[in-house]
Amino acid sequence: MYPTAIFEFLDVIPIPALAAEMTGDDNSFNHPRFLNAAFLAQIGYTLDEIPDIERWFEVAYPDPVMRAQVRQEWYQAIHESLAQGRQIAETSALIQCKSGQQRWFVVTAQVRPESMPNMHIVTFRDIHDLKMLSDENHFLSHTDQLTHVSNRRAGQQRLEAEHARFTQAAVPFALIMCDVDHFKSINDQMGHVCGDYVLRKIAETLHMHAGNLDEVVRWGGDEFLLVVPATGVEEAAALAEQLRMAVQSLNCSWEGQTFSPTLSVGCAVSAPGQSVVALLKTVDAALYAAKQQGRNAVCF
Ligand SMILES: Nc1nc2c(ncn2[C@@H]2O[C@H](COP(=O)(O)OP(=O)(O)OP(=O)(O)O)[C@@H](O)[C@H]2O)c(=O)[nH]1
């Protein structure tokens, strides 16, 4: 016997919902028994196509890696909700609808259906358009528009996060500050557009040589900062030298001329009790020393 009055009510709300019968005892929904009109219109699968939760996971998340991740996030959300005595569990997921379109939804399920034992109501709120806008906004506010590496704001956030981690866990991190040598002359002799092209080539090169977790930041006009996690003096020095050499061997071609820019590079490694501001001053001083040494050099 199903509570048909509830199903009639669900049928008129504009949010996709399903009711599923629980045959196991693990608080997961197992067998969808009812899909409301909004579910059929927006997500599209019918009861025949999703007879149980396994099939639902297969059709909604066709990529096995993503499916495993969603499944893990979902069971974790249920576990946390139960531990906190909450009535619902919630997660967001990119669902493949029957039309083939993938859209982001917030999936919410009852985890304590006391009023309807063995029956769960699951709703799917479509947040796709909002999420796309928010992702774009995040990209624009954290990315340098010319070089597409992180902008200073993102770099500052990353720097503060690394510093907090260092304060808690004492794993040192390094800063590598790179400044293009005589960049003004490149602009003056070959034009600002050529200068832009050189900045893009250098950013690309730094990004290529940086590790996966390293943040490459356009810190200012012709200055790039690398925030390198879990790195001591020797590794930072080796990476800085690698970056210097990579830029020195770049072949930039512009209006028939070929040239190689060079970098002066300063390095600093976090020290106990040192603030972010003090660490930035240290790396600036190291960069200044590299310029003083005649440029195209690395200094600590
Ligand atoms: N093309 C281009 N130039 C920029 C941009 N941002 C800043 N600049 C220029 O970068 C130049 C930086 O020059 P300076 O800081 O004087 O240093 P430099 O000529 O590289 O000399 P050293 O650093 O002492 O070797 C200035 O001429 C700025 O106008 C940009 O987005 N595009």
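What counts as what
- Residues numbered from 1 in each chain as written.
- Predicted model: local features only at pLDDT ≥ 70, side-chain atom pairs only at ≥ 80, totals over all residues.
- Heavy atoms only, no water.
- UniProt positions renumbered as here; feature names shortened; annotations may be inferred.
- Helix = DSSP H or I, 4+ residues; strand = E, 2+ residues; numbered from the N terminus.
- Rg over C-alpha atoms; globule rule 2.2 N^0.38 Å.
- Buried < 20%, exposed > 50% of the residue type's maximum accessible area, 1.4 Å probe, protein only.
- Contact = heavy atoms within 4.5 Å.
- Areas by Shrake-Rupley, 256 points an atom, 1.4 Å probe, with all protein chains shown as cover.
- Lys, Arg positive; Asp, Glu negative; His and termini not counted.
- Charge placed at Lys NZ, Arg CZ, Asp CG, Glu CD.
- pLDDT = per-residue confidence, 0-100.
- Expected span 1.5 Å × (residues − 1).
- Arc of directions from axis to C-beta.
- Near = heavy atom within 4 Å.
- Polar contact = N/O pair within 3.5 Å; in protein donor to acceptor, adjacent residues only side chain to side chain.
- Pairing = 2+ DSSP bridges.
- Phe/Tyr/Trp six-rings, centres within 6.5 Å; stacked < 30°, edge-to-face > 60°.
- Lys NZ or Arg CZ within 6 Å of the ring centre and 35° of its normal.

Named according to an unreviewed UniProt entry, the protein chain is diguanylate cyclase originating from Lampropedia puyangensis. UniProt, in the comment section headed Catalytic activity (unreviewed entry), describes the protein chain in these words: "2 GTP = 3',3'-c-di-GMP + 2 diphosphate".

Enquirer: For this particular structure, what's the right way to read the overall build of the protein chain?
Expert: From N to C terminus, the protein chain includes ten helices and twelve strands. Computed over the C-alpha atoms, the radius of gyration of the protein chain is 27 Å, more than 25% above the 19 Å expected from 2.2 N^0.38 for a compact globule of 300 residues. Its C-alpha atoms put the protein chain at 85 × 50 × 25 Å along the principal axes. Put simply, the protein chain has 300 residues, and 46% of those count as buried. Considering only contacts within the protein chain whose residues lie at least 6 apart along the sequence, 55% involve residues at least 24 apart. Counting every atom, the protein chain has about 15400 Å² of accessible surface; 53% of that belongs to carbon and sulfur. Charge separation in the protein chain, taken as the distance between the mean sites of 22 positive and 36 negative side-chain charges, equals 4 Å.

Enquirer: Please explain the confidence of the model for the protein chain as it appears in this structure.
Expert: Atom-level detail of predicted coordinates should not be read off regions where pLDDT is low. Looking at the protein chain as a whole, its pLDDT mean stands at 93, while 96% of the residues score no less than 70. Predicted as a complex, the structure gets a pTM of 0.81 and an ipTM equal to 0.98.

Enquirer: Looking at this structure, how should I read helix α9 (residues 233-248)?
Expert: Here α9 contains 16 residues, and its C-alpha end-to-end distance of 22 Å stays within 8% of the 22 Å for a straight helix at 1.5 Å per residue. Regarding α9, the residues found buried are A236, L239, A240, L243, R244, A246 and V247. Mapping the buried residues of α9 onto a view down its axis gives an arc of 165 degrees, with all of them on the same face. Residues of α9 that are buried in the fold lie against β6 (174-180), α8 (192-209), β8 (223-228), β11 (263-269) and β12 (298-299).

Enquirer: In this structure, what is going on with the UniProt feature "domain: GGDEF" (unreviewed entry) in the protein chain? I would like to understand it.
Expert: The UniProt feature table records "domain: GGDEF" (unreviewed entry) at residues 171-300. Summarising residues 171-300: 45% helix, 26% strand, and an end-to-end C-alpha distance of 19 Å.

Enquirer: Explain the site of the ligand here, please?
Expert: Close to the ligand lie 17 residues, the nearest being H182, F183, K184, D196 and R218. At 2.8 Å, a backbone N or O of H182 approaches an oxygen atom of the ligand. K184 is positioned with one of its backbone polar atoms (N or O) 2.8 Å from an oxygen atom of the ligand. For the ligand, whose free accessible area comes to 670 Å², the fraction covered by protein is 66%. If you list the elements that add at least two residues to the shell around the ligand, you get β6, α7 (183-190) and α8.

Enquirer: I would appreciate a short explanation of the pairing of β6 in the present structure.
Expert: Put simply, side chains in a regular strand alternate between the two faces of the sheet. Within β6, seven of the seven residues are buried, which leaves it mostly tucked inside the rest of the structure. Taken together, the six bridges between β6 and β8 define a ladder with antiparallel strand orientation. What sits directly across from M177, in β8, is L225. Looking at chain direction, β6 and β11 are connected through seven bridges and run antiparallel. Residue pairing for β11: D179 is matched across the bridge by S264.

Enquirer: For this particular structure, what's the right way to read the packing of aromatic side chains?
Expert: For any pair of aromatic rings, geometry is given as the distance between the ring centres together with the angle between the planes. Applying the stated criterion across every chain, the model contains nine aromatic pairs. With a centroid separation of 6.2 Å and an interplanar angle of 85 degrees, the aromatic rings of Y45 and W56 are classed as edge-to-face. With Y45 in the loop between α2 (37-42) and α3 (53-60) and W56 in helix α3, this residue pair connects regions lying eleven residues apart in the sequence. Grouping residues by exposure puts Y45 and W56 together as buried. Judged by centre distance (5.5 Å) and plane angle (65 degrees), the rings of W56 and F124 are edge-to-face. One end of the pair, W56, is in helix α3; the other, F124, is in strand β5 (residues 119-126), and 68 residues separate them in sequence. Accessibility assignment for this pair places W56 and F124 in one class, buried. In this structure an aromatic cluster arises from ring pairing among F39, Y45, W56, F57, Y61 and F124. The aromatic ring of F57 is capped on one face by R71, whose charged end is 4.6 Å from the ring centroid. The positively charged end of K131 is found above the aromatic ring belonging to W104, 4.7 Å away from the centroid.

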